[in-house]
Structures are given as C-alpha cells and as structure tokens.
Amino acid sequence: MRIAIDGPSGAGKSTIAKRLAAHYDILYLDTGAMYRAAGLAVLRAGENTKDEETVVRIVNDANIEVKYMDGAQHVFLEGEDVNGLIRTEEVSFAASNVSAFGPVREKMVNLQRETARVSGAVLDGRDICMYVLPDAEHKFFLTADASERARRRYEELIARGEEADYEDILAKVIERDHNDSTRAVSPLQQAPDAVLI
C-alpha cells in the first residue's frame, strides 16, 4: 500500500504520515528531509541556494542517503546523520530554493520512487500525488491557514527554547507557499484525485 500526502509547509503532513505508517506498519519517507539535506549541502559549501548551476553541481556530487534505524527515518549527508541539523528556518528556506531546480528534483524523486517500490510506504511532500507516486492507492492534500501554520511553528520553536518572532515566521510561511506553488518544476497543487483535508 502506498499513501501520498501533499500540502504546504507546517500543515501537519509529517505528523499524520508517521501515524499512518505506524498504524499500517509500513515505511514512512519524509521527502522534505531529503531536500533539506540537499539545502544543507549547499549552505555548507557557502554557496547561493538560488544559483541553479552551482546548486545542481553540489547536489549531484552530494551523497544523500535515507536509512531506517530503530523504526525511524534518518537522513545522512556524506555519511553524517543530519536529522538534528535540518529543521532550522535557514535550512527550510534553502530546501525550498534548491527544490525548485529540475535536476535536483529528479535526483530526489528517483530515490523516493525506489524506496516506495521496495515496499509499502507513506510519502509526504509537495508533489507526491501528481509526480512522485501518481499511481498511489491513496492520495491526500492536507492544508491549514498560513496564520495557523505560523503559530504552530512559533510555539514549536519556543518550546525548544529558541528565540522566535511570530510575524517573521508568518512572512516566511507566506513566501514559502508562494515559492512552492509558483515554481516551474512540480509546483505545489492539489491533485484532482486527492482528498482535501
């Protein structure tokens, strides 16, 4: 069984996907984490995440792997487990930028499809229903108002003891929504056969 969940950032896709995977005892693949690792690779190289030629070169050379350890997904960049490093706002923005480039998406999508092909899986992201797994048995589009998604992110950061500004987070959420839904390659949109939640 393959379950595809699309939607904007902060809508709760990962939370729902993890619960479904646990309930049905199938793999959960956080596709966004893979793009975050790609964004982190570009940031670590000290390069502009909007420079397509440079980004594609770095990501093509990067060794990004997904491994399952103790029932959880871990993303490795050059052999280093970067799960704890890819959830910052800076990396989130970098992921949004690098994911706009076709060759980057092609590399990630091939890895995602191969993972889902091996066994049943739940995948969440921006283009799962229409592009990554168009033949998935179950498709959903999960969304929430931008202000609610910003509030959730703000509370999450405060709970972790980090400084956060709600208005700044809201502005970034709105900008990311715009970037994700207007990019030329696989923009965020609801598939006609996806259930809207």
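This one's a predicted model, so the numbers in the text were calculated from it and none came from an experiment.

**Comments concerning a negative patch on the surface**
And then number 1: A contiguous patch of negative charge, built from Glu47, Asp51, Glu52 and Glu53, is present on the exposed surface.
And then number 2: Tracing the chain through its elements places Glu53 in helix H3 (residues 52-61).
And then number 3: We classify Glu53 as exposed; its relative accessible area is 69%.

**Here we look at the sheet that holds strand E3 (residues 64-69)**
And then number 1: Strand order in the open sheet made by the three strands is E3-E4-E5, with antiparallel pairing throughout. Bordering the open sheet on either side are E3 and strand E5 (80-81), each of which pairs with just one other strand.
And then number 2: In this sheet, E5 lies alongside strand E4 (residues 72-77) in antiparallel orientation, the contact comprising two bridges. Each residue of the ladder has a partner; that of Leu77, found in E5, is Glu80.
And then number 3: Running over the sheet, helix H2 (residues 31-44) touches E3, E4 and E5 and is turned about 25 degrees from E4.

**Description of the sheet that holds strand E2 (residues 27-30)**
And then number 1: One open sheet holds the five strands; their spatial order is E2-E6-E1-E7-E8, and the pairing between them is parallel. On the outer flanks of this sheet lie E2 and strand E8 (195-196), each paired with one strand and no other.
And then number 2: As judged from the five bridges shared by strand E1 (residues 2-6) and strand E6 (residues 121-125), these two strands associate in the parallel manner. Each bridged residue has a counterpart across the sheet, and for Asp6 the counterpart in E6 is Gly125.

**Section: the side chain of Arg176**
And then number 1: Within the element layout of this structure, Arg176 appears in helix H8 (residues 166-182).
And then number 2: The class for Arg176 is buried, based on a relative accessible area of 11%.
And then number 3: For Arg176, the side chain forms a polar contact with the side chain of Ser92, separated by 2.7 Å.

**Quick look at the pairing of E4**
And then number 1: For E4, the tally of buried residues reaches five of six residues, placing the bulk of the element in the interior.
And then number 2: Bridge count for E3 against E4 is six bridges, and the pairing is antiparallel. Within E4, the residue paired with Val66 across the bridge is Val75.
And then number 3: Two successive antiparallel strands, E4 and E5, enclose a turn made up of two residues, where Glu78 displays a positive phi of approximately 55 degrees.

**Focus on the confidence of the model for the chain**
And then number 1: When pLDDT is averaged along the chain, the result is 91; 100% of the residues meet or exceed 70.
And then number 2: Mean pLDDT per element in the chain: E3 is the minimum at 82, and E8 is the maximum at 98.

**Things to note about the pattern of salt bridges**
Two side chains that carry opposite charge are able to pair once their charged atoms sit near each other.
And then number 1: Counting across every chain of the model gives 18 salt bridges.
And then number 2: Among the salt bridges present, the one from Arg2 reaches Glu137, with a minimum N-O distance of 3.6 Å. In this pair, Arg2 sits in strand E1 while Glu137 sits in the loop between helix H6 (128-132) and strand E7 (138-141), placing the two residues 135 residues apart along the sequence.
And then number 3: On the basis of relative accessibility, which here comes to 47%, the residue Glu137 falls in the partly exposed class.
And then number 4: Asp180 is the partner of Arg183 in a salt bridge, and the nearest nitrogen-oxygen pair spans 3.6 Å. Of the two residues, Arg183 and Asp180, neither departs from the other in class, the shared state being buried.
And then number 5: Salt bridges linked by common partners bring Glu89, Arg153, Glu156, Arg160 and Glu162 together as one network.

**Thoughts on the packing of aromatic side chains**
And then number 1: According to the stated counting rule, one finds zero aromatic pairs in the structure shown.
And then number 2: Here the basic side chain of Lys67 rests over the ring of Phe76, its NZ or CZ set 4.6 Å away from the ring centre.
And then number 3: Across the ring face of Tyr131, the terminal group of Arg113 is positioned such that the distance to the ring centre comes to 5.1 Å.

Scoring rules and cut-offs
Residues numbered from 1 in each chain as written. Predicted model: local features only at pLDDT ≥ 70, side-chain atom pairs only at ≥ 80, totals over all residues. Heavy atoms only, no water. Patch = residues over 30% accessible without salt bridge, like charges linked within 9 Å, V, L, I, M, F, W, Y side chains within 5 Å. Areas by Shrake-Rupley, 256 points an atom, 1.4 Å probe, with all protein chains shown as cover. Salt bridge = Lys/Arg side-chain N within 4 Å of Asp/Glu carboxyl O. Lys, Arg positive; Asp, Glu negative; His and termini not counted. Charge placed at Lys NZ, Arg CZ, Asp CG, Glu CD. Helix = DSSP H or I, 4+ residues; strand = E, 2+ residues; numbered from the N terminus. Buried < 20%, exposed > 50% of the residue type's maximum accessible area, 1.4 Å probe, protein only. Pairing = 2+ DSSP bridges. Contact = heavy atoms within 4.5 Å. Axes fitted to C-alpha atoms, helices over the stretch in contact; angles between N-to-C directions. Polar contact = N/O pair within 3.5 Å; in protein donor to acceptor, adjacent residues only side chain to side chain. pLDDT = per-residue confidence, 0-100. Phe/Tyr/Trp six-rings, centres within 6.5 Å; stacked < 30°, edge-to-face > 60°. Lys NZ or Arg CZ within 6 Å of the ring centre and 35° of its normal.

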